[in-house]
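Below, each chain spelled out in residue letters.
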Amino acid sequence: MERFLGDEGIAKNWAYPVKHVDPSAPEIAIVGAGPAGISAAYHLIKRGYRAIIFDDHTEAGGTLRTALPPYRLPRSLLDAELERVLTLDGITFQPHTRLGRDMHLNELEEQYQAVFIATGAQRSMEWSIDGVVPRDLQSGFELLKQWVDIGTVPTPKSVAIIGAGNTAVDMARVMKRAGVPEVHILSHKPIPKPGIPIEESMPAIPREIQEALEEGVIIHEYRGIRRLILRGERVVGVELVHMKKLMQPSGRLKRIAFEGTETILNVDQVIPAVGQVIDPTGIERLAENHSRLQVDKWGQVIGHPGIYAGGDVTPNAGTVTAAVGDGRRAAEAIDCALQDKALQESGEASSIPFDKLNMHYYELAPHVQEPTLPIEQRIGDEEITTSLSAPLIIKESKRCFSCGNCLACDNCWMLCPDSAILKTKELASSASHYVFDYDYCKGCGLCETECPCGFIQMVDES
Ligand code: SF4
Ligand code: SF4
């Protein structure tokens, strides 16, 4: 649904809901033109500020541009969306400008009303097996950037990629596209499947994992590397061992290697894709030896008033969505700090568990499948999963349970045996036109049971 709306916004050039920004309005410095920085700039101009975005690259986009394979995010879409935002009144984009080289943090603090750091996590974590590192080791993150930049990667006969996240899966799929016949992913965690808690599964996007399997990537679940097998300084294989998390007497889960389960996998290259850390250049005094900047929930860097941070430079969820949210929250915090206003808690809505929905009121409707490129055509940059057509989007939208939102179905109003529910023309509470008269309610719970979407919840009077 979101994808469809995004495409429509670009195709029809929907206007962003922003006003003219006063050229003398206070200006905020943003370092990093990735999703967090772009989001912060947009939300700042919505609040009447000017935003200047510095980035050391020629073009905006951050890792969306430098490390995300085009088959997942076509550059035409990225360019079109960024063009729409960066040309908004009040936003200035200054490329080729690197913090710690072309400008310094204290200068930004002096020149601007606030500073938002969104430089991402640009360094691959160090990796070795018992201190052993093969010659010419390159990380998955570096190789992905190389592939996106110049379209080539090494092409051994077989490769083992170590990791379970999106970088590992992207790297594996890129190696397949580059012509590597045998691509293995070695993962401590299992492939997501029913019965396995999501937090215990590979953290990569399940659909991407599925597509990688379809494309011939071999995933070894619950496997760790016991040792590297080298000829000289070159890898010729890895010794794998079965690993699983087991409950310890302390009550904590610990990953254990099972003796006697060792197997040899012959590979010509290993590629670690085990995560990134920040490059502290220019932000040394904020980083204080942490692998990420420490921020409060609004993105204020702890102990550094006037400096905010978001996206992968902070310990957030590591997704584009989380980065965009970080930018919005920081813009709100900056606005409140500059206007001397109190920050308002957003009061996040709690999610409605499935068993609170009354499925008798919904028709079974299968998920509408997005058009997906056939496996044999997945060789280049062509996008694999594309948008649904308008009629299919309407069909898909009808599957929405609207959980937690009143559907105005009148069930509760009609079925209450004590006429304790009144209907109003006004919005009586958040998203509902019904009022409960507790003087008449005897607490039978019928309304809660017959509410399709979990909007009504019984709570103890105490
Ligand atoms: S709990 Fe029973 S009496 Fe009370 S409002 Fe719901 S249906 Fe009516
Ligand atoms: S509260 Fe629930 S049952 Fe009552 S009108 Fe809304 S959706 Fe229907």
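Residues numbered from 1 in each chain as written. Chains lettered and ligands numbered in written order. Predicted model: local features only at pLDDT ≥ 70, side-chain atom pairs only at ≥ 80, totals over all residues. Heavy atoms only, no water.

With an unreviewed UniProt entry as reference, the protein chain is termed dihydrouracil dehydrogenase (NAD(+)), source organism Candidatus Thiomargarita nelsonii. A UniProt comment under Subunit (unreviewed entry) is attached to the protein chain, and it reads "Heterotetramer of 2 PreA and 2 PreT subunits." If you open the UniProt record of the protein chain and go to Function (unreviewed entry), you find "Involved in pyrimidine base degradation. Catalyzes physiologically the reduction of uracil to 5,6-dihydrouracil (DHU) by using NADH as a specific cosubstrate. It also catalyzes the reverse reaction and the reduction of thymine to 5,6-dihydrothymine (DHT)." (UniProt positions renumbered as here; feature names shortened; annotations may be inferred.)

In terms of domains, the protein chain is made up of domain 1 (2–122 + 278–339), domain 2 (125–275) and domain 3 (350–462). Here the C-alpha centre of domain 3 lies 40 Å away from the C-alpha centre of domain 2. Surface buried jointly by domain 2 and domain 3 totals about 610 Å² across both partners, of which 40% is contributed by carbon and sulfur atoms. On the domain 2 side of the contact with domain 3, Arg177, Arg207 and Glu214 bury the most area, a combined 63% of that side's loss. Between Glu214 and Arg378 there is a salt bridge, with the nearest N and O atoms lying 2.9 Å from each other. Viewed at the interface, domain 3 and domain 2 are joined by 4 residue pairs in polar contact (both at pLDDT 80 or more). Elements represented by at least two residues in the side of domain 2 that touches domain 3 include exactly helix 7 (166–178) and helix 8 (206–214). In the side of domain 2 that touches domain 3, the residues fall into no nonpolar, no polar and 6 charged. (Domains from an automatic or database assignment. Buried area = accessible area lost by both parts, 1.4 Å probe. Salt bridge = Lys/Arg side-chain N within 4 Å of Asp/Glu carboxyl O. Polar contact = N/O pair within 3.5 Å; in protein donor to acceptor, adjacent residues only side chain to side chain. Helix = DSSP H or I, 4+ residues; strand = E, 2+ residues; numbered from the N terminus. Nonpolar A, V, L, I, M, F, W, Y, C, P; charged D, E, K, R; others polar.)

Around ligand 1, the surrounding shell consists of Cys416, Pro417, Asp418, Ile421, Phe436, Cys441, Lys442, Gly443, Cys444, Gly445, Leu446 and Cys447. Considered class by class, the residues forming the shell around ligand 1 number 8 nonpolar, 2 polar and 2 charged. (Near = heavy atom within 4 Å.)

With that out of the way, let us pick up the site of ligand 2. As a matter of local geometry, ligand 2 sits amid 13 residues, with Cys406, Leu407, Cys409, Cys412 and Cys451 nearest to it. Among the residues forming the shell around ligand 2, the class breakdown is 11 nonpolar, 1 polar and 1 charged.

Here we come to the sheet that holds strand 6 (residues 158–162). With respect to topology, 4 strands assemble into an open sheet ordered 8-7-6-13, the strand pairing being parallel. For this open sheet the edge positions go to strand 8 (218–220) and strand 13 (269–272), each flanked by a neighbour on one side alone. Taking each pair of neighbouring strands and ignoring which way they run, the sheet shows an average axis angle of 25°. Pairing between strand 6 and strand 7 (residues 182–186): 5 bridges, direction parallel. By the bridge assignment for strand 7, Ser158 is matched with Glu182. Against the sheet, helix 7 touches strand 6, strand 7 and strand 13, its axis set at about 175° to strand 7. (Pairing = 2+ DSSP bridges. Axes fitted to C-alpha atoms, helices over the stretch in contact; angles between N-to-C directions. Contact = heavy atoms within 4.5 Å.)

Turning next to the side chain of Arg65. Note on placement: Arg65 falls in helix 3 (residues 63–66). Those residues in contact with Arg65 that sit more than four places away from it in its chain are Glu59, Ala60, Arg75, Leu78, Asp79, Leu82 and Val148.

A few words now on the pairing of strand 13. Side-chain alternation along strand 13 places Gln269 and Ile271 on one buried face and Val270 and Pro272 on a second face that is also buried. In this structure, strand 6 lies alongside strand 13, joined through 4 bridges in parallel fashion. The residue of strand 13 that forms the bridge with Val159 is Gln269. (Buried < 20%, exposed > 50% of the residue type's maximum accessible area, 1.4 Å probe, protein only.)

What follows covers the sheet that holds strand 4 (residues 115–117). Read across the open sheet, the 5 strands follow the order 3-2-1-4-15; overall the sheet is parallel. At either end of the open sheet lies a strand with only one pairing partner, and these are strand 3 (91–94) and strand 15 (307–309). Looking at each pair of strands side by side, their axes are set apart by 20° on average, direction ignored. As paired elements, strand 1 (residues 27–31) and strand 2 (residues 50–54) share 5 bridges and run parallel to each other. By the bridge assignment, Glu27 is partnered in strand 2 with Arg50. Of the strands in this sheet, strand 1, strand 2, strand 3 and strand 4 touch helix 2 (residues 35–46), which is tilted by about 165° from strand 2.

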